[in-house]
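# Coordinates in review
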Amino acid sequence: MITIKNIHKTFGTQTLFKEAALQINAGDRFALVGPNGSGKSTLFKMLLSEQEPDLGEIQFKRGIEVGYLPQENPPISELTVVDETLAHTPDPDGRITAKAKMILMGLGFKTSDFERKVSTLSGGWAMRVAMARLLLHEPDLLMLDEPTNHLDLESMLWFQNFLLNYRGAIFLISHDRNFVNTICKIIVSVQNKTLKTYHGNYDYYLNERAREKESLEIAYQAEQRKIVEMQDFISRNRARASTASRAQSMIKRLEKLERIELPEESKKIKIRFPQPERCGVRALNLKNLCKSYGETKVYENLNFEIERGWKMAFVGHNGAGKSTLIKILSGTIPFDKGERILGLNVKVGYFSQHRTEMLHAEKTVLEEAMDNKRHLPEQMVRTILGSFLFPGNAVFKKVEVLSGGEKSRLALVKILLDPPNVLLMDEPTTHLDLDSVEALILSLKEFEGTLCFISHDLYFINALANHIVHVDEGQVTLYPGNYEYFERRRKQKEEENIEN
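Presented here is a report on the structure given in the accompanying data block. The written sequence of each chain sets the order in which its residues are numbered from 1. A pLDDT threshold of at least 70 governs which residues receive local features in this predicted model, and a stricter bar of 80 or more applies before side-chain atom pairs are shown or counted, although totals over entire chains, interfaces and linings include all residues. As a rule here, side-chain values come from all non-hydrogen atoms in the structure, and water together with hydrogens is ignored.

A tally of regular secondary structure across the chain gives 15 helices and 18 strands. In terms of principal-axis extent, the alpha carbons of the chain reach across some 100 × 65 × 55 Å. Accessibility here uses a 1.4 Å probe with only protein chains present; expressed as a share of the type maximum, an area under 20% marks a residue as buried, one over 50% as exposed, and anything in between as partly exposed. Taken over 500 residues, the chain has a buried fraction of 49%. Two residues qualify as a contact provided that any one of their heavy atoms is within 4.5 Å of a heavy atom in the partner residue. Considering only contacts in the chain between residues 6 or more positions apart, those separated by 24 or more positions represent 66%. Throughout, the Shrake-Rupley method with a 1.4 Å probe supplies accessible areas, and for residues the shown protein chains are the sole cover considered. Carbon and sulfur atoms make up 47% of the accessible area of the chain, which amounts to about 25200 Å² in all. Separation of charge centres in the chain, based on 66 positive and 67 negative side chains, amounts to 6 Å. In DSSP terms, a helix is any run of H or I states spanning at least four residues, a strand is any run of E spanning at least two, and both are numbered starting from the N terminus. His is not counted, nor are the chain ends; Lys and Arg add positive charge and Asp and Glu add negative charge. Positions of charges follow a simple convention, taking NZ of Lys, CZ of Arg, CG of Asp or CD of Glu.

Okay, helix α11 (residues 378-387) next. Among all positions of α11, only Val 381, Ile 384, Leu 385 and Ser 387 are buried. All buried residues of α11 lie within an arc of 160° about the axis, which places them on one face of the element. Those residues of α11 hidden inside the fold are in contact with α10 (365-370), α12 (404-417) and α13 (434-446). Phi turns positive one or two residues past the end of α11, at Leu 389, with a value near 70°. Working definition: the arc comes from the directions between the helix axis and the C-beta atoms, pointing outward to the latter.

Right, let's talk about α12 for a bit. Two residues of an α-helix separated by three or four positions point the same way, owing to the 3.6 residues in each turn. Expected helix span is given by 1.5 Å per residue-to-residue step, counting one fewer step than there are residues. Here α12 spans 20 Å end to end across 14 residues, near enough to the 20 Å set by a 1.5 Å rise per residue. Within α12, 12 of the 14 residues are buried, which leaves the element mostly enclosed by the surrounding structure. Within α12, the full set of buried residues consists of Gly 405, Glu 406, Ser 408, Arg 409, Leu 410, Ala 411, Leu 412, Val 413, Lys 414, Ile 415, Leu 416 and Leu 417. Elements in contact with the buried residues of α12: β14 (348-351), α10, α11, β15 (422-426) and α13.

What tends to happen in soluble globular proteins is that the nonpolar side chains get buried as a cluster. Residues grouped as a nonpolar core are buried Ala, Val, Leu, Ile, Met, Phe, Trp, Tyr and Cys residues, joined through side-chain atoms within 4.5 Å. By size, the foremost hydrophobic cluster in this structure holds 87 residues, and its most contacted members are Leu 163 and Leu 385. The residues touching Leu 385, leaving out its near neighbours within four places in the chain, are Val 365, Leu 366, Ala 369, Phe 390, Val 395, Leu 410 and Val 413. With 27 residues, the next largest nonpolar core counts Leu 302, Ile 326, Ile 333 and Ile 454 among its residues.

Our focus in this paragraph is the packing of aromatic side chains. We describe a pair of aromatic rings using the distance from one ring centre to the other and the angle between the two ring planes. Centre distance within 6.5 Å is the pairing criterion for rings of Phe, Tyr and Trp, where only the six-membered ring of Trp is used; planes under 30 degrees apart are then read as stacked, over 60 as edge-to-face, and the remainder as tilted. Under the criterion given, the structure shown has 13 aromatic pairs. Each ring, one from Phe 30 and one from Phe 171, has its centre 5.7 Å from the other, and the planes form 80°; the classification is edge-to-face. With Phe 30 in strand β3 (residues 29-33) and Phe 171 in strand β7 (residues 169-173), this pair connects stretches of sequence that are 141 residues apart. Just as Phe 30 is buried, Phe 171 falls in that class too.

As summarised here, the arrangement of the 3 strands in space is β2-β1-β4, forming an open sheet in which the pairing is antiparallel. Edge positions in the open sheet fall to β2 (14-24) and β4 (55-60), since each of these has one partner strand only. Averaged over all pairs of adjacent strands, the angle between their axes in this sheet comes to 20°, without regard to strand direction. In this scheme, strands are said to pair when DSSP sees at least two bridges between them. Here strand β1 (residues 2-11) runs beside β2; their pairing, made up of 7 bridges, is antiparallel. Each residue of the ladder has a partner; that of Thr 10, found in β2, is Thr 15. Helix axes are fitted only over the stretch in contact, all axes being lines through C-alpha atoms; the angle between N-to-C directions runs from 0 to 180 degrees. Packing against the sheet, helix α1 (residues 40-47) makes contact with β1, β2 and β4, and its axis sits at approximately 125° to β1.

Our focus in this paragraph is the pattern of salt bridges. When a carboxyl oxygen of Asp or Glu is within 4 Å of a side-chain nitrogen of Lys or Arg, the pair counts as a salt bridge. Scanning the entire structure with this criterion turns up 19 salt bridges. Of the charged contacts, one joins Glu 305 and Arg 282 as a salt bridge, the two residues approaching to 3.6 Å between their closest N and O atoms. Of the two residues, Glu 305 sits in strand β11 (residues 296-307) while Arg 282 sits in strand β10 (residues 282-293), which places them 23 residues apart along the sequence. Look at Glu 305 and you get partly exposed, because its relative accessible area is 30%. In this structure Arg 282 comes out as exposed when scored by relative accessible area, which is 55%. We note a salt bridge from Glu 300 to Lys 297, for which the minimum N-O separation is 3.6 Å. Given a relative accessible area of 57%, Lys 297 falls into the exposed group. Each of the salt bridges in this network shares a partner with another, and the network as a whole consists of Lys 99, Glu 138 and Arg 167.

Further remarks concern the side chain of Thr 3. Among the structural elements, Thr 3 can be located in strand β1. Each polar contact in these results corresponds to two N or O atoms within 3.5 Å; when the atoms are within protein, one needs to be able to donate a hydrogen and the other to accept it, and residues that are neighboring in sequence are counted only if both atoms are side-chain atoms. Polar contacts involving the side chain of Thr 3 include one to the side chain of Gln 23, which spans 2.7 Å. When near neighbours in sequence (up to four residues on either side) are disregarded, Thr 3 contacts Leu 22, Gln 23, Glu 57, Ile 58 and Gln 59.

Let us look at the packing of helix α4 (residues 123-137) against helix α5 (residues 153-164). Where α4 meets α5, the closest approach of the two axes is 13 Å, and the angle between their N-to-C directions is 20°. With respect to α5, the axis of α4 lies roughly parallel. Helix-helix and strand crossings are classified by hand; for α4 and α5 the assignment is left-handed. In this structure, α4 contributes Arg 128, Met 131 and Leu 135 to the contact, and α5 contributes Ser 155, Trp 158, Phe 159, Phe 162 and Leu 163. Here the residues of the contact of α4 with α5 are counted per class, giving 6 nonpolar, 1 polar and 1 charged. Put simply, angles under 35 degrees are roughly parallel, angles over 145 are roughly antiparallel, angles from 65 to 115 are roughly perpendicular, and the rest are oblique. In this scheme the crossing of two helices becomes right-handed for a clockwise turn of the near helix relative to the far one and left-handed for an anticlockwise turn of less than a right angle. Gly counts as polar in this scheme, as do all residues outside two lists: the nonpolar Ala, Val, Leu, Ile, Met, Phe, Trp, Tyr, Cys and Pro, and the charged Asp, Glu, Lys and Arg.

A word on unusual backbone geometry. In this structure, Asn 192 is a non-glycine residue whose phi angle is positive, near 55°. Structurally, Asn 192 can be placed in the loop between β8 (186-191) and β9 (194-198). Asn 192 sits in the exposed class, given a relative accessible area of 54%. Unlike most non-glycine residues, Asn 288 shows phi in positive territory, near 45°.

Take the packing of helix α3 (residues 94-106) against α5 next. At their nearest, the axes of α3 and α5 sit 8 Å apart, and the two run at 130° to each other. When the interaxial angle is binned, α3 and α5 end up oblique. Taken together, the residues of α5 that come into contact with α3 (itself represented by Met 102, Ile 103 and Gly 106) are Ser 155, Trp 158 and Phe 162.

Functional significance is not addressed by these values, which are geometric in nature.
The structure is reproduced here in structure tokens:
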């Protein structure tokens, strides 16, 4: 379907690809992985004919349709949600329109949203419209750049199931490990300026990479010992007339030796963030709480308690009230009746996209990160910034020139450098790559305070949560354990209800 033949691509003095090759066939499910700046986005642009390789070629089978979902830049349209979804479908009939509405509902839209103009939606919801339009069109190859960024957990699970049944090929970039494991059968790794394929999911790829690295390091160490022995022989024998010819022969062998080179790899940094002050056993308590938006009642006489040290994931369908509950707990929005009771020595911190507005535009990334009461060493702060994709001189960039994703990552670093003892987070993994997600998981595992979060990333949820909070139509139910345990218990309850 698409053949990439020995392409070279250079930007200035940096070579991204050298003799890189790849074959994409009908029905393939690829995930593209590699460190930040390795060339993943550039490869996508070349496949979309937005850039050309310096050498080599990319061949497309005649008539192939490629559909692309970018990470950002949603459509700006005065069309309604339904009409924008149907925009690339000529003469849509009733069946196609019904399918469009089914896709929109799967992505979290309500029937009351169908006639809203796309221009009135937030960027995240407009991206869902773009996704619906693409899925309805069904191109031969779907190219998806971080497609789950703007989805909640329920819509992500629907989207995941849709892709499992998709007839075309899929090529995606994603930081969501569980999503990649579920969808993709082949991992395409950008490494050593080429493309290497691993026939398995992301977990298989990680195991293979670890095995390859171990084998290469063993071979490298053996070669280094051999080189030392050869150099020692040369230094001992080149001055003697009787052995000089043998030494010269050894010099020639040493010169012709093909040296094993260890690849440059992103370092796996073990990060230790500062720990917060210990608080009382009962960290946060809501009593008989009521909250409405106009005529819509979200919570009525809600009683909810959080204990010190719990790590809680809030789950439920779109519009169930998860974000409202997090905001009530954080104290950022008012409620109508009831009480919000803080425990002894509790300091609450809230991470959301709006937190980026608290950054200072005139400061550098490093200055902003160091602006806290902890007075942490600069090297420690720079190490942590590097793990969240601010390497080297990137720490001297002004906040005002950062992208939305970069500002979000910087705000995340700031809250982790001076953490509260009750930390509330709304979709913290958005805009992070796979290595940064791992760094965040490790830091939050060691976090000694209380953590409440909303996430669409099942790997992230299962790695951290020891409690699941299910929010459904104003009812809040607490389940001990991770998401897998919650799903088993929920299915058991459904089966019991059917039997009764």
